[in-house]
Amino acid sequence: MSKAIYIASSESNSGKSIVTLGLMNILLGTIRKIAYFKPVIRDSPDNRKDINIETMIDHFELDTLYEDCYSFTYSELLRLRGEGNHSFVIDSIINKYKRLEDTHDFVLVDGMDFEGEGASFEFSSNVDIAKNLSIPLILVAKGSGYTPAEITRNVLSTMQILREREVPLLAVIANKLDPSKIEELQNLFAHSLSKRVLTSIIPYSQQLSSPTMKEIAEGVNGKVLFGQSYLSNPVDHFIVGAMQLQNCLTHLDENTLIVTPGDRGDIILAMIQANLSKNYPKVAGLVFSGGLTPDEPIIKLLEGLETLVPMVQVETGTFETVNKVASVKSRIYPENKLKIDFAIAAFEKNTDTVALVDKIATSQSKGITPRMFQYQLVKRARLAKKHIVLPEGSDPRILEAAGKLLKQEVVRLTILGKKDEIEASLLKLNIELDEKNVNIINPVDSPLLPAYISTLYELRKSKNVNMDMATDFMKDGAYFGTMMVYKGDADGMVSGAINTTQHTIRPALQFIKTRPGVSTVSSVFFMCLEDRVIVFGDCAVIPKPTSDQLADIAISSAESSIMFGIEPRIAMLSYSSGASGTGEEVEKVRRATELVKQRRPDLPVEGPIQYDAAVDPIVGKQKLPNSKVAGQATVLIFPDLNTGNNTYKAVQRETGAVAIGPMLQGLNKPVNDLSRGCTVDDIFNTVVITAIQAQQTKI
Ligand SMILES: CC(C)(COP(=O)(O)OP(=O)(O)OC[C@H]1O[C@@H](n2cnc3c(N)ncnc32)[C@H](O)[C@@H]1OP(=O)(O)O)[C@@H](O)C(=O)NCCC(=O)NCCS
Ligand SMILES: CC(=O)OP(=O)(O)O
């Protein structure tokens, strides 16, 4: 089951709160602990709390703190985006959301309201957030002001955007529809929308659309003089009380607000009487314009009355006040219990709640998004802080990454190199390393050196390594670091920012060796594409793999993908899809695919297959219509290192994808390489995955 649902509308004033309230109410009937999360809240000039959050916490007695229920105000969002801090925005939202997800059974996420930057910005922000949180969406479509055909067209174009961004849509709820058009819209939805998407239509309701006197008082910036306890009175209509009293009375409808200059004592008293009279409709309240208050005798009279309608005084003139009244939008807030109950009832009456809960219960989030992937990696690494050795202390990128890793308390570190040089670099780079969690060792004068030399000699003497050679080897950072891991003095090693792959991994191949049941060490990259994470193997180790080695690479890569939460569907890449091409290289891949099927019948695998057929559902269907992998491969196995290494670099450089790795797989203990072109973030990520691998290592 998906652990959350995202409720979004594609334009302003769609009445989304009816759906959030109604849905929370029905979900609480089946799920014990639910949190409410609104990633972006409205700005409030006087720092008042967001009424959506307050209403949800108050009405449903949720056990969440107000501060935990949102990430940013709308203006903060605009500022950060303007400064180019998009990733910070998304990371912060994921962080807050995840905290709620971890402590609750379910999270109801309420999308952004529309504040003025334009519907497309706000809707695309909603889609972006839903996508990055990896949760399905319910769309609330505005029904008022549109014909059924227009509503359907709007919904279809929104669905197209969601499809393109691969955000699953569970339901479309059209709200505030003119009741006479319901049947027509039902028919259009039935003909035009996929049967997989649930639809419901909530008719326009005056009760939900009318603002209360409290909202009017706030909207006109008024001071409440009388009738404080009747501020929840709904305002269905308003009139200007500038005419003669008898004319004013004839214009009264149920729940009318009268805007009148404060010195019109005749109108004020008449309206109070009308409110009490059986022969006139209920009056919602009065607004006194022009900064005028009723004369003293009238005030005295009012003060002596028990039942009064709310009376609000404003400084603005009648015309301006009326304009303000007209623009007040009805909202739901904690004290307005009647409206809350009415909203919940309207939702339940018009929605197939059983089908909706069932749909939510059976929906699965599709894949893992890059941001979520990286967030989860760091979180997992922190669970058991491992000790990682970084042999290339002379590289400033290594020191910067070390600073970041220690600051975020992800690992403990040993950095190899000359202590004084490293300290000078740290000073120059303005990096402070937390001394409790870092150790700087120079291999050449380390007290560990003699024991490490003897161990290397013992391990490699059968390979013609003598003591002199072992001494020379062990003064090299890659050998020393790898020996620390071998001896259990560190849990993993990351190197390769300066040294080549051969230099970095040869010591591990020589004496850390493969773990039981694995004969080939290979590697994967986690390719964080714009909207999903896929696995590329092998892009770093085996130049010309045999069929047997290719099968090993595929199986290890699938296991690595499982270890990191990606469901494996293996594509054995070639220049042929099925029998479309021939040649020795195609046959090698075909044999490798057969070996994977024999060795691991549980793993979905397809091969030979071309890259386009592996990842594009349409091409996949066309080229290999019966394949379970074609079009949705998550683990892509390259036929040789020329293809693998350059493909990962091409994707990384041309698309801006983050490539995490190469992560070596098949070793007894984790040792990982870096590309010499790596960034500080690449080093950070590789240390994080090394720490996670170390958590899985059985000693
Ligand atoms: C990985 C690589 C360095 C191994 O080189 P090599 O010359 O085979 O290494 P060696 O012959 O010194 O072998 C060292 C040991 O590792 C073992 N070994 C080598 N490759 C192995 C593998 N893929 N899996 C398991 N063991 C392996 C060897 O059997 C040997 O064991 P032994 O000495 O105990 O008998 C080499 O294959 C290579 O250069 N690959 C390409 C790296 C590269 O440039 N990548 C592109 C940039 S990322
Ligand atoms: C992984 C890799 O390709 O490393 P480099 O760029 O250092 O050769």
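- For the protein, the name recorded in an unreviewed UniProt entry is Phosphate acetyltransferase, with Hanamia caeni as its organism.
- Within the UniProt record for the protein, the comment given under Subcellular location (unreviewed entry) is "Cytoplasm".
- Checking UniProt for the protein, the heading Pathway (unreviewed entry) contains the comment "Metabolic intermediate biosynthesis; acetyl-CoA biosynthesis; acetyl-CoA from acetate: step 2/2."

1. Focus on the site of ligand 1
- Surrounding ligand 1, one finds 19 residues, the nearest of these being Arg460, Lys463, Lys513, Val521 and Val541.
- Between ligand 1 and lysine 513, the relevant distance is 2.5 Å, taken from an oxygen atom to a side-chain nitrogen or oxygen of the residue.
- A distance of 2.8 Å is found between a nitrogen atom of ligand 1 and a backbone nitrogen or oxygen belonging to alanine 540.
- In the complex, the protein chains occlude 66% of the 930 Å² of accessible area that ligand 1 would expose alone.
- Put simply, the parts of the chain that give the shell around ligand 1 at least two residues each are helix H22 (501–512) and helix H27 (641–655).
- At six residues, the largest contribution of residues to the shell around ligand 1 is made by H22.
- Grouping the amino acids of the shell around ligand 1 by side-chain chemistry returns eight nonpolar, seven polar and four charged.

2. Remarks on the nonpolar core
- Among the nonpolar cores identified, the biggest contains 132 residues, and Phe373, Phe526, Ile570 and Met572 are the most heavily contacted of them.
- Considering each element in turn, this core owes the most residues, eight residues, to helix H28 (residues 680–696).

3. Re the pattern of salt bridges
- Scanning all chains against the criterion turns up 28 salt bridges.
- Linking arginine 600 and glutamate 559 is a salt bridge whose minimum nitrogen-to-oxygen distance equals 2.7 Å. One end of the pair, arginine 600, is in the loop between helix H24 (584–599) and strand E20 (605–609); the other, glutamate 559, is in helix H23 (residues 547–563), and 41 residues separate them in sequence.
- Given a relative accessible area of 31%, glutamate 559 falls into the partly exposed group.
- Ionic contacts of the salt-bridge type, sharing partners, join the residues Arg48, Lys214, Glu218 and Glu335 into one network.

4. Quick word on the sheet that holds strand E8 (residues 223–226)
- Ordered by their spatial adjacency, five strands build an open sheet running E8-E12-E11-E10-E9, and the pairing between neighbours is mixed. The sheet is open, and its two borders are formed by E8 and strand E9 (237–240), each paired with just one other strand. Shown here is a sheet whose adjacent strand axes are inclined to one another by a mean of 25°, direction ignored.
- Sheet strands in contact with helix H11 (residues 265–276) are strand E10 (256–261), strand E11 (283–289) and strand E12 (311–313), and its direction is about 170° off that of E11.

5. With respect to the environment of glutamate 254
- Mapped onto the fold, glutamate 254 is located in the loop between helix H10 (245–250) and E10.
- Owing to a relative accessible area of 42%, glutamate 254 belongs among the partly exposed residues under this scheme.
- Discounting chain neighbours no more than four positions away, the residues touching glutamate 254 are Asp236, His237, Pro281 and Lys282.
- A polar contact is formed between the side chain of glutamate 254 and the backbone nitrogen of lysine 282, at a distance of 3.4 Å.

6. Here we look at helix H15 (residues 353–362)
- Where H15 is concerned, the buried positions are Thr353, Leu356, Val357 and Ile360. Here the buried residues of H15 occupy an arc of 95° about the axis, which is enough to place them on one side. Opposite the buried face of H15, by more than 90 degrees, sit the exposed residues Val354 and Thr362.

7. Topic: the environment of serine 194
- Looking at the element boundaries, serine 194 is found in the loop between helix H7 (182–192) and strand E7 (198–203).
- Of the residues examined, serine 194 reaches a relative accessible area of 30% and is grouped as partly exposed.
- When the C-alpha atoms of serine 194 and leucine 156 are compared, they prove to be 10.0 Å apart, with 38 residues separating the residues in sequence.

8. Here we look at unusual backbone geometry
- In this structure, aspartate 538 follows glycine 537 across a cis peptide bond, with omega equal to -20°.
- Going from glycine 607 to proline 608, the amide bond is cis rather than trans, its omega being -5°.
- Along the chain, the position of proline 608 falls in strand E20.
- The backbone phi angle of asparagine 430 is positive, close to 60°, even though this residue is not glycine.
- Residue placement: asparagine 430 occurs in the loop between helix H18 (419–429) and strand E15 (438–441).
- Residue classification places asparagine 430 among the exposed positions, given a relative accessible area of 71%.

9. Section: the site of ligand 2
- As a matter of local geometry, ligand 2 sits amid Thr501, Asn645, Tyr648, Lys649, Pro662, Ser675 and Arg676.
- The side chain of arginine 676 places a nitrogen or oxygen atom 2.8 Å from an oxygen atom of ligand 2.
- Relative to its free-state accessible area of 260 Å², ligand 2 is covered by the protein chains to the extent of 87%.
- Ranked by residue count, the leading element in the shell around ligand 2 is H27, at three residues.
- Class assignment of the residues belonging to the shell around ligand 2 gives a composition of two nonpolar, three polar and two charged.

10. Examining the packing of aromatic side chains
- By the definition in use, this model includes twelve aromatic pairs.
- Counting every residue linked through ring pairs, the aromatic cluster contains Phe473, Tyr479, Tyr486 and Phe511.
- Sitting over the face of the ring of tyrosine 333, lysine 214 holds its NZ or CZ atom 4.4 Å from the ring centroid.
- Sitting over the ring of phenylalanine 564, arginine 380 keeps its end group 5.5 Å from the ring centre.

11. Side note on helix H19 (residues 449–460)
- For H19, with twelve residues, the first-to-last C-alpha span of 16 Å sits near the 16 Å given by 1.5 Å per residue.
- Against the buried residues of H19 lie helix H20 (467–474), helix H21 (477–487) and H22.

12. Overview of the pairing of strand E22 (residues 658–665)
- Among the eight residues in E22, seven count as buried, and that is most of the element.
- The pairing of strand E17 (residues 522–528) with E22 spans six bridges and is antiparallel. If you follow serine 522 over to E22, its bridge partner there is glutamine 665.

13. Thoughts on the packing of H19 against H21
- The geometry of H19 relative to H21 is characterised by a closest axis approach of 11 Å and an angle of 85° between their N-to-C directions. Relative to H21, the element H19 lies roughly perpendicular. Residues Leu449, Ala451, Tyr452, Thr455, Leu456 and Leu459 of H19 form the contact with H21, whose own contacting residues are Tyr479, Phe480, Met483, Met484, Tyr486 and Lys487.
- Split by residue class, the contact of H19 with H21 holds ten nonpolar, one polar and one charged.

14. Brief notes about the sheet that holds strand E13 (residues 386–390)
- The strand order across the open sheet formed by five strands is E15-E14-E13-E16-E23, and the pairing between neighbours is parallel. Of all the strands in the sheet, the pair left with one neighbour each is E15 and strand E23 (671–673). For this sheet, the mean inter-axis angle between neighbouring strands, taken without regard to orientation, is 20°.
- Here strand E14 (residues 411–416) runs beside E15; their pairing, made up of four bridges, is parallel. Bridge pairing links leucine 413 to valine 438 in E15.

Parameters at a glance
Residues numbered from 1 in each chain as written. Chains lettered and ligands numbered in written order. Predicted model: local features only at pLDDT ≥ 70, side-chain atom pairs only at ≥ 80, totals over all residues. Heavy atoms only, no water. UniProt positions renumbered as here; feature names shortened; annotations may be inferred. Near = heavy atom within 4 Å. Polar contact = N/O pair within 3.5 Å; in protein donor to acceptor, adjacent residues only side chain to side chain. Areas by Shrake-Rupley, 256 points an atom, 1.4 Å probe, with all protein chains shown as cover. Helix = DSSP H or I, 4+ residues; strand = E, 2+ residues; numbered from the N terminus. Nonpolar A, V, L, I, M, F, W, Y, C, P; charged D, E, K, R; others polar. Core = buried A, V, L, I, M, F, W, Y, C linked by side-chain atoms within 4.5 Å. Buried < 20%, exposed > 50% of the residue type's maximum accessible area, 1.4 Å probe, protein only. Salt bridge = Lys/Arg side-chain N within 4 Å of Asp/Glu carboxyl O. Pairing = 2+ DSSP bridges. Axes fitted to C-alpha atoms, helices over the stretch in contact; angles between N-to-C directions. Contact = heavy atoms within 4.5 Å. Arc of directions from axis to C-beta. Phe/Tyr/Trp six-rings, centres within 6.5 Å; stacked < 30°, edge-to-face > 60°. Lys NZ or Arg CZ within 6 Å of the ring centre and 35° of its normal. Expected span 1.5 Å × (residues − 1). Parallel < 35°, antiparallel > 145°, perpendicular 65-115°, else oblique.

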